[in-house]
Amino acid sequence: GNGKKGDLLSLIPLSGKATGMHTKNLYYPLKNETLYLGKSRGVSNVFTKSRVEVRIKSGLLLVVYTSV
């Protein structure tokens, strides 16, 4: 997605878990990781560049973008 450096992105699994998560250009990158519903691992990550990438192998994911 597009935004600007410093914007926030939250990745929230809605199906219990989201597996095979990869992100690029976020302060806390994910590399083939699993996010679990109810955990804060994917919440309020910060754009390090104006374009970020998010990939998911399985699961249902809610993506919340916040412009700051």
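Everything here concerns the structure above.
Since the structure is predicted, the reported quantities are computational estimates derived from the model, not experimental observations.

Comments concerning the overall build of the protein chain
Counting secondary structure elements, the protein chain contains zero helices and six strands. The linear arrangement of helices and strands in the protein chain, starting from the amino end, is β-β-β-β-β-β. For the protein chain, the C-alpha radius of gyration of 11 Å lies close to 11 Å, the compact-globule estimate for 68 residues. Projected onto the principal axes, the alpha-carbon positions of the protein chain cover approximately 30 × 20 × 15 Å. The proportion of buried residues among the 68 residues of the protein chain is 26%.

Description of the side chain of T23
Secondary-structure assignment places T23 in strand β2 (residues 17–24). Within the structure, the side chain of T23 is placed 2.9 Å from the backbone nitrogen of L30, a separation counted as a polar contact. Residue contacts for T23: discarding those within four places in its chain leaves L11, Y28, P29, L30, E53 and V54.

Reading guide: rules and limits
Residues numbered from 1 in each chain as written. Predicted model: local features only at pLDDT ≥ 70, side-chain atom pairs only at ≥ 80, totals over all residues. Heavy atoms only, no water. Helix = DSSP H or I, 4+ residues; strand = E, 2+ residues; numbered from the N terminus. Rg over C-alpha atoms; globule rule 2.2 N^0.38 Å. Buried < 20%, exposed > 50% of the residue type's maximum accessible area, 1.4 Å probe, protein only. Polar contact = N/O pair within 3.5 Å; in protein donor to acceptor, adjacent residues only side chain to side chain. Contact = heavy atoms within 4.5 Å.

Remember, this is a structural readout, not a statement about activity or role.
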